[in-house]
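In case you want the letters, here they are:
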Amino acid sequence: MAHLDDVIARVDAAVEESVITHMNELLVELSEDTALSREDRYTQQQRLRNTIAHHGKQHKEEAEARHENLIKGGTIV
């Protein structure tokens, strides 16, 4: 179980850091981790995938909000 605890801690840290590149690297690493059961590996990968998907959605919403602020009243401020 110690290995699983280490993996969970690494996934927690990657999610907290919220850097897509690091999360993708960890996804690949987990794919090759034979010390974990298939279910444990899937669970941790899914946490990373969900965070990546949420990050992309949040980034898009922020970009749209910035765009709206720039064109208030139909003119670029």
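Refer to the preceding data block for the structure.
Cut-offs used in this document
Residues numbered from 1 in each chain as written. Predicted model: local features only at pLDDT ≥ 70, side-chain atom pairs only at ≥ 80, totals over all residues. Heavy atoms only, no water. Core = buried A, V, L, I, M, F, W, Y, C linked by side-chain atoms within 4.5 Å. Buried < 20%, exposed > 50% of the residue type's maximum accessible area, 1.4 Å probe, protein only. Helix = DSSP H or I, 4+ residues; strand = E, 2+ residues; numbered from the N terminus. Contact = heavy atoms within 4.5 Å. Patch = residues over 30% accessible without salt bridge, like charges linked within 9 Å, V, L, I, M, F, W, Y side chains within 5 Å. Areas by Shrake-Rupley, 256 points an atom, 1.4 Å probe, with all protein chains shown as cover. Salt bridge = Lys/Arg side-chain N within 4 Å of Asp/Glu carboxyl O. Lys, Arg positive; Asp, Glu negative; His and termini not counted. Charge placed at Lys NZ, Arg CZ, Asp CG, Glu CD. Axes fitted to C-alpha atoms, helices over the stretch in contact; angles between N-to-C directions. Parallel < 35°, antiparallel > 145°, perpendicular 65-115°, else oblique. Left-handed = near helix turned anticlockwise from the far one by under 90°. Nonpolar A, V, L, I, M, F, W, Y, C, P; charged D, E, K, R; others polar. Expected span 1.5 Å × (residues − 1). Arc of directions from axis to C-beta.

## As for the nonpolar core
Turning to step 1, where the next piece is worked out: If you look at the biggest cluster of nonpolar residues, it comprises eleven residues: Leu4, Val7, Val11, Ala14, Met23, Leu26, Leu27, Leu30, Leu36, Leu48 and Ile52.
Turning to step 2, where the next piece is worked out: Broken down by secondary-structure element, the contributors of at least two residues to this core are helix H1 (2-17), helix H2 (20-31) and helix H3 (38-70).
Turning to step 3, where the next piece is worked out: Discounting residues that sit within four places of it in the chain, Val7 has contacts with Leu30, Asp33, Leu36 and Gln44.

## Thoughts on a negative patch on the surface
Turning to step 1, where the next piece is worked out: A grouping of Glu61, Glu62, Glu64 and Glu68 is seen on the molecular surface, where their side chains present a negatively charged patch.
Turning to step 2, where the next piece is worked out: One can find Glu62 in helix H3.

## A look at the packing of H1 against H2
Turning to step 1, where the next piece is worked out: As a packed pair, H1 and H2 sit with axes 9 Å apart at the nearest point and diverge in direction by 155°. Taken together, the axes of H1 and H2 are roughly antiparallel relative to one another. Here H1 and H2 pass one another in a crossing that is left-handed. Each of Val7, Arg10, Val11, Ala14, Val15 and Glu17 in H1 lies in contact with H2, whose residues at this interface are His22, Met23, Leu26, Glu29 and Leu30.
Turning to step 2, where the next piece is worked out: Of the residues contributing to the contact of H1 with H2, the split by class is seven nonpolar, one polar and three charged.

## Points about H1
Turning to step 1, where the next piece is worked out: End to end, H1 covers 22 Å across 16 residues, agreeing with the expected 22 Å (1.5 Å per residue, within 8%).
Turning to step 2, where the next piece is worked out: Considered for burial, the residues of H1 that qualify are Leu4, Val7, Val11 and Ala14. Buried positions in H1, seen along its axis, are confined to an arc of 85° and lie on one side of it. Counted as exposed and oriented over 90 degrees from the buried face of H1: Ala2 and Glu16.
Turning to step 3, where the next piece is worked out: One or two steps after H1, the chain reaches Ser18, where phi turns positive at roughly 60°.

## Describing unusual backbone geometry
What is expected of a backbone is that most residues other than glycine have negative phi and most peptide bonds are trans.
Turning to step 1, where the next piece is worked out: Residue Ser18 is not a glycine yet carries a positive backbone phi of 60°.
Turning to step 2, where the next piece is worked out: Summarising the element assignment, Ser18 is placed in the loop between H1 and H2.
Turning to step 3, where the next piece is worked out: The class for Ser18 is partly exposed, based on a relative accessible area of 28%.

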